[in-house]
Amino acid sequence: MRHRAEAWRTIDGASFDVCVIGGGATGSGCALDAQLRGLRTVLIEAGDFASATSSRSTKLIHGGIRYLQEAVTDFDPGQYHVVKQALRERRFMLDNAPFLAHTMEFLVPCYRWWEVAYYGAGTKIYDRIAGKHNFFSSKFRPAKDSVARWPLLRGSGLKGAIVYADGQFDDARFAVALVQTFTEAGGEAVNHARVVSLRKYGSGKIIEAEIEDQLSGTRTNVQAKVFVNATGPFSDHIREMANPLLEKRLRLSKGVHILLPLDERTKDAMVVPKTDDGRVIFAIPWLGRLLVGTTDDEVTHDDELVVKRSEVDYLLQQLNRYLLRPFAAEDVVGGFAGVRPLVSSGKGSKTKKLLREHEVELDGESGLISVLGGKWTTYRAMAEDAINTVQRQLGIAVGGCVTREHPLSGSEGYSASYSQGLTTNYCISEATAKHLAEKFGSRATAVLELTKQEPALSAPLVVGYPAIRAEIAYSARNEMAATLDDVLERRTGLQFFSWKAAMEAAPVGGAVMQREMGWDDAETQRAVTEYVDTLSAWMQKIGLAKNEAKA
Ligand SMILES: Cc1cc2nc3c(=O)[nH]c(=O)nc-3n(C[C@H](O)[C@H](O)[C@H](O)COP(=O)(O)OP(=O)(O)OC[C@H]3O[C@@H](n4cnc5c(N)ncnc54)[C@H](O)[C@@H]3O)c2cc1C
């Protein structure tokens, strides 16, 4: 990827075949697919890549065991279709980015024998639907073995667990890898650039987007033959910009996750199979933490998107029933809230009942193509459908999608033992080598080469954590990171690991960014203060004082 300043200069006033608006999972996937089919494509993202819903997921590459339950109990063929498609797509995500995605065992604890039969039958259907794409067959695991793999699980009364397979991934980094792959294929991308208006001339079709640089306030125009709206929860805004007569299509559902300390002996993910409001929640080892989520509550754009104390209490209450020792709110080390962009099926049904199926909508009036709904796991299939529609709109032959087997940047030369080579060749700790390999894949060597030129960059961002300063310099130069939030949350993942550690890292991160971005002292100080204040406010919302927080 270009440095952001250069990317802005490149798109300034330029013309493209396709302009994709929105750089989350959907937009990054669409941009890559279009560019690989030979269409000259630009990707415009208002915040950072994946800074909205796409970095706030449960990090599952899954068919959705809950949707399967609904497909069966509600005789819902739509839900069945989503599950089947997602189960097929899982494999492509794992194969195309092995450093960011892997299989995982999910354990459903059973305290009654009928639960063993019920969940056992359900997961067998899941296996069956996955067919040749299945990772391994679901099975029963006796109580003693289940507790050995999940030591915090309450053992008394446990009959055993049903274990099934799904995938897990690093959502924020997956989006960056998609954009990286897209730009390496010749596409142009720019982040922190918002589409503020769409212009039509003569024919009534959109031919130009006005874009505002969110960091400097500068504006420019970009022309394209086709515009794709991939703005997730914001899709109705762009649809309205294109054609005010279009009816709103989205309903928004907030989901929060919290992060807790992880007992390092924990091997599997645990499923709480039935919450008080009839859903499932997950407790998953994720990059050294226990990720617990999620909630499902209908919201609007006016609602504040932060984790609330009541949501923490709800998640802990559901989880603690299954544990030997309960967690308390004071144990929370981090958290995040996101909004699901769900395609409306009328006002009545609850958001948890709405399909996760996607829809590609062509507005005949303005020519806008909107990609609505869906899930991370199906981003590639969504992009394939959307770019087929783009080709139809351009009047060219439909086909040529190659994304099923197109490895993402960082996959080249990567293997399971990759981090061992880093430890030996660069004399770094195993923890840092593993961290870099899991974030950057085979590009980790490029990060570490920076430390050879400038040894100070090999220092950790915070003592005791694997992330190093070179990651920040690398991300600013090669991944278009432009703010402290970009580097501490999505590029290094430190903020997902610990709010407290991320706040401690802010001054050091700010100093590296100052040099990379050419900030002056006042700008750097402002960036650090704003970052720390935001995280402190989030902690206060759930009743944690900044100084008392656990790392
Ligand atoms: C709590 C939760 C848990 C989930 N868990 C999973 C899971 O485990 N597995 C799974 O498969 N799926 C999961 N999902 C669903 C998945 O995360 C989403 O379907 C997916 O991330 C949506 O991606 P998107 O690109 O459509 O939207 P977004 O990621 O929101 O991207 C849209 C982008 O458009 C940009 N934008 C908006 N307006 C403009 C504008 N005017 N100009 C330029 N850019 C603009 C935004 O800044 C944003 O980055 C979960 C969702 C939630 C909320």
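Source: prediction; values computed, not measured.

Asker: I tried to follow the overall build of the protein chain on my own but got confused; where do I start?
Answerer: Helix and strand content of the protein chain: 18 helices and 18 strands. On the principal axes, the C-alpha backbone points of the protein chain span a range of 70 × 60 × 45 Å. Here the protein chain holds 551 residues, and 61% of them are scored as buried. Partitioning the intrachain contacts of the protein chain with sequence separation of at least 6 by distance along the chain shows that 72% fall at a separation of at least 24. Carbon and sulfur atoms form 52% of the exposed surface of the protein chain, whose accessible area is close to 21,300 Å². Of the charged side chains in the protein chain, 67 are positive and 68 negative, and the gap between their average positions amounts to 5 Å.

Asker: Honestly, the site of the ligand in this entry has me stumped. Any pointers?
Answerer: In the region of the ligand, 37 residues are neighbours, and T26, E45, S54, L60 and T377 sit closest. Separating a nitrogen atom of the ligand from a backbone N or O atom of A46 is a distance of 3.0 Å. A distance of 2.8 Å separates a nitrogen atom of the ligand from a polar atom in the backbone of L60. Taking 1,000 Å² as the accessible area of the ligand by itself, protein coverage stands at 95%. Looking at the shell around the ligand, the elements with two or more residues in it are α2 (25–36), β8 (193–200), β11 (250–261) and β16 (334–343). When its residues are assigned to classes, the shell around the ligand shows 14 nonpolar, 17 polar and six charged.

Asker: Before we go on, may I ask you to explain the side chain of T377 in this structure?
Answerer: In this fold, T377 is placed in the loop between β18 (369–373) and α10 (379–394). On the basis of relative accessibility, which here comes to 1%, the residue T377 falls in the buried class. Discounting chain neighbours no more than four positions away, the residues touching T377 are L60, I61, H62, A86, E89, R90 and M93.

Asker: Even after reading the chapter, I still don't get helix α14 (residues 469–478), so can you show me in this structure?
Answerer: Think of an α-helix as turning once every 3.6 residues; residues three or four places apart then point the same way. Across the 10 residues that make up α14, a large majority, seven, are buried. Residues of α14 that are buried: A470, E471, I472, A473, Y474, S475 and A476. Note on α14: the residue one or two positions beyond its end, M480, has a positive phi of about 60°.

Asker: Just checking my understanding: could you explain the packing of helix α11 (residues 418–426) against helix α13 (residues 444–453) for this structure?
Answerer: Working note: a packed helix pair is described by the angle between its axes plus the distance between those axes. Packing of α11 against α13 brings their axes to within 11 Å, and their N-to-C directions diverge by 10°. One way to sum up the angle between α11 and α13 is to call them roughly parallel. Together, Y418, L422 and Y426 of α11 and A444, T445, L448, E449 and K452 of α13 make up the contact between the two elements. For the contact of α11 with α13, the per-class residue count stands at five nonpolar, one polar and two charged.

Asker: What's the story with the environment of R309 in this structure? I'm lost.
Answerer: Secondary-structure assignment places R309 in helix α9 (residues 309–320). Taking the relative accessible area as the measure of exposure, R309 reaches 32% and is therefore partly exposed. Residues R309 and T389, spaced 80 residues apart in sequence, show a C-alpha to C-alpha distance of 44 Å. If we ignore the near neighbours within four places in the chain, the residues touching R309 are A329, E330, K541, I542 and G543.

Asker: Quick question: what am I supposed to make of the nonpolar core here?
Answerer: Here is a general trend for soluble globular proteins: nonpolar side chains tend to be buried in one another's company. Residues F174, M270, L422 and L488 are the most contacted members of the largest nonpolar core, which totals 142 residues. No other element matches helix α17 (residues 499–517), which puts eight residues into this core. Apart from residues no more than four positions distant in its own chain, F174 is found in contact with M93, A97, L100, F169, W376, Y379 and L408. Listed in part, the 22 residues of the second largest apolar core include Y67, M104, V271 and I284.

Asker: Help me out: how do you make sense of the packing of helix α15 (residues 484–491) against α17 in this one?
Answerer: Between α15 and α17, the least distance of the axes is 9 Å, while the angle of their chain directions is 125°. With respect to each other, α15 and α17 are oriented oblique. α17 is crossed by α15, and the crossing has right-handed handedness. Note on element contacts: α17 touches α15 through A502, A505, A506, G509, G510 and M513, opposite L484, V487 and L488. Of the residues that constitute the contact of α15 with α17, the class distribution is seven nonpolar, two polar and no charged.

Asker: I keep staring at the pattern of salt bridges and nothing clicks. Help me out?
Answerer: Opposite charge on two side chains lets them pair, provided their charged atoms get close. Under the criterion given, the structure shown has 50 salt bridges. Here R340 ties to D296 by a salt bridge, and the two come within 3.9 Å at their closest N and O atoms. Placement of R340 in strand β16 and of D296 in the loop between β14 (289–293) and β15 (297–299) is noted, with a sequence separation of 44 residues between them. Taking the relative accessible area as the measure of exposure, R340 reaches 17% and is therefore buried. A salt bridge links E516 to R477; the nearest nitrogen and oxygen atoms lie 2.8 Å apart. In this pair, E516 sits in helix α17 while R477 sits in helix α14, placing the two residues 39 residues apart along the sequence. Each of the salt bridges in this network shares a partner with another, and the network as a whole consists of D48, R56, R173, E479, D485, D486, E489, R490 and R491.

Asker: Please explain unusual backbone geometry as it appears in this structure.
Answerer: Glycine aside, residues mostly have negative phi, and peptide bonds are mostly found in the trans state. Note that the residue after G293, namely T294, is joined by a cis bond; omega there is 20°. Positionally, T294 belongs in the loop between β14 and β15. The backbone of A50 sits at a positive phi, close to 60°, despite the residue not being glycine. For A50, the position within the fold is in the loop between β2 (41–44) and β3 (60–61).

Asker: Where do I start with the pairing of β8 in this structure?
Answerer: Here is the key point about a regular strand: its side chains alternate between the two faces of the sheet. Looking at chain direction, β8 and strand β9 (residues 206–213) are connected through seven bridges and run antiparallel. Bridge pairing in β9 places K200 opposite I206. Taken together, β8 and the strand that follows it, β9, pair antiparallel across an intervening segment of five residues, in which G202 is found at a positive phi of about 55°.

Asker: Would you mind going over the packing of aromatic side chains with me for this structure?
Answerer: For any two aromatic rings, the description comes down to two numbers: the centre-to-centre distance and the angle of the planes. According to the stated counting rule, one finds 19 aromatic pairs in the structure shown. Consider the rings of F99 and Y414, whose centres lie 5.8 Å apart with planes at 55°: the pair is tilted. A residue pair is termed long-range when its members are at least 10 positions apart, and F99 in the loop between α4 (77–96) and β4 (101–110) and Y414 in the loop between α10 and α11 qualify at 315 residues. When the centroid spacing of 5.7 Å and the interplanar angle of 80° are considered together, the rings of F169 and F174 count as edge-to-face. For the pair F169 and F174, a shared accessibility class is recorded, and that class is buried. Among the aromatic side chains, those forming a connected cluster through ring pairs are F106, Y126, Y164 and F282. Above the plane of the ring of Y111 lies R154, whose end atom (NZ or CZ) is 4.3 Å from the centre. In this arrangement the basic side chain of R289 is found over the ring face of F497, its NZ or CZ atom lying 3.8 Å from the centre.

Procedures and definitions
Residues numbered from 1 in each chain as written. Predicted model: local features only at pLDDT ≥ 70, side-chain atom pairs only at ≥ 80, totals over all residues. Heavy atoms only, no water. Helix = DSSP H or I, 4+ residues; strand = E, 2+ residues; numbered from the N terminus. Buried < 20%, exposed > 50% of the residue type's maximum accessible area, 1.4 Å probe, protein only. Contact = heavy atoms within 4.5 Å. Areas by Shrake-Rupley, 256 points an atom, 1.4 Å probe, with all protein chains shown as cover. Lys, Arg positive; Asp, Glu negative; His and termini not counted. Charge placed at Lys NZ, Arg CZ, Asp CG, Glu CD. Near = heavy atom within 4 Å. Polar contact = N/O pair within 3.5 Å; in protein donor to acceptor, adjacent residues only side chain to side chain. Nonpolar A, V, L, I, M, F, W, Y, C, P; charged D, E, K, R; others polar. Axes fitted to C-alpha atoms, helices over the stretch in contact; angles between N-to-C directions. Parallel < 35°, antiparallel > 145°, perpendicular 65-115°, else oblique. Core = buried A, V, L, I, M, F, W, Y, C linked by side-chain atoms within 4.5 Å. Left-handed = near helix turned anticlockwise from the far one by under 90°. Salt bridge = Lys/Arg side-chain N within 4 Å of Asp/Glu carboxyl O. Pairing = 2+ DSSP bridges. Phe/Tyr/Trp six-rings, centres within 6.5 Å; stacked < 30°, edge-to-face > 60°. Lys NZ or Arg CZ within 6 Å of the ring centre and 35° of its normal.

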